[in-house]
Amino acid sequence: MANELALYRGDAASFSVALTLGGAAIDLDEYRTFFTVKKKLTDPDSKAVIRKNTDDPPTGSTGGITITDAAAGKCSIVLLHDDTKVLLGGTYYYGINCVKKADETLVYTLLEGTLTVNLDVGIRISGDPTS
């Protein structure tokens, strides 16, 4: 997997992506886009440690997906403190999928890779799972 992302546990992060299907930009107005992070590739979606979609843009406390240029397939995936504070250090797997709004049987995996979560030094969070 060549698409590697990294962040520190508890930190906010933003990733800009341009999604293509068959070499052409995908029109995100026609698709619902999902960003899913799992500890193991074989975990069901119900065990995802992070799951965001374009129906839920970022809010004050949790991240989400914002479409920045629908026709060009561009979006921004935002993770905030509440999204990352309970992650343990290590390697996770992520995927970006799109589902056609007009025909939900059309599902495409457009990007996948690894997400490395590094433990932070000196910041203590209430409920820290590693303490």
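Just so you know, these numbers come straight off a predicted model, no measurement behind them.

A word on the sheet that holds strand β8 (residues 74–79). The strand order β2-β8-β7 describes an open sheet built from three strands, whose pairing is antiparallel. Every interior strand has two partners, whereas the edge strands, β2 (13–18) and β7 (64–69), have only one. The average angle at which neighbouring strand axes cross in this sheet is 20 degrees, direction not considered. Here six bridges tie β2 to β8, and the two strands are oriented antiparallel to one another. Its bridge partner lying in β8, Val-17 is registered against Cys-75.

Quick look at the packing of aromatic side chains now. Enumeration over the complete set of coordinates arrives at two aromatic pairs. Ring plane angle 35 degrees and centroid distance 5.7 Å describe the contact between Phe-35 and Tyr-94, whose orientation is recorded as tilted. Residue Phe-35 is located in strand β5 (residues 31–38), and its partner Tyr-94 is located in strand β9 (residues 90–100); the two are separated by 59 residues in the primary sequence. By relative accessible area, Phe-35 is classed as buried at 1%.

Summed over all chains, the structure comprises seven salt bridges. Here Asp-45 and Lys-38 are joined by a salt bridge, their closest N and O atoms 2.8 Å apart. We classify Lys-38 as buried; its relative accessible area is 14%. Between Lys-85 and Asp-82 there is a salt bridge, with its nearest N and O atoms 3.4 Å apart. On the accessibility criterion, Lys-85 (29% relative accessible area) is partly exposed. Ionic contacts of the salt-bridge type, sharing partners, join the residues Lys-38, Asp-45 and Arg-51 into one network.

Calculation notes
- Residues numbered from 1 in each chain as written.
- Predicted model: local features only at pLDDT ≥ 70, side-chain atom pairs only at ≥ 80, totals over all residues.
- Heavy atoms only, no water.
- Pairing = 2+ DSSP bridges.
- Helix = DSSP H or I, 4+ residues; strand = E, 2+ residues; numbered from the N terminus.
- Axes fitted to C-alpha atoms, helices over the stretch in contact; angles between N-to-C directions.
- Phe/Tyr/Trp six-rings, centres within 6.5 Å; stacked < 30°, edge-to-face > 60°.
- Buried < 20%, exposed > 50% of the residue type's maximum accessible area, 1.4 Å probe, protein only.
- Salt bridge = Lys/Arg side-chain N within 4 Å of Asp/Glu carboxyl O.

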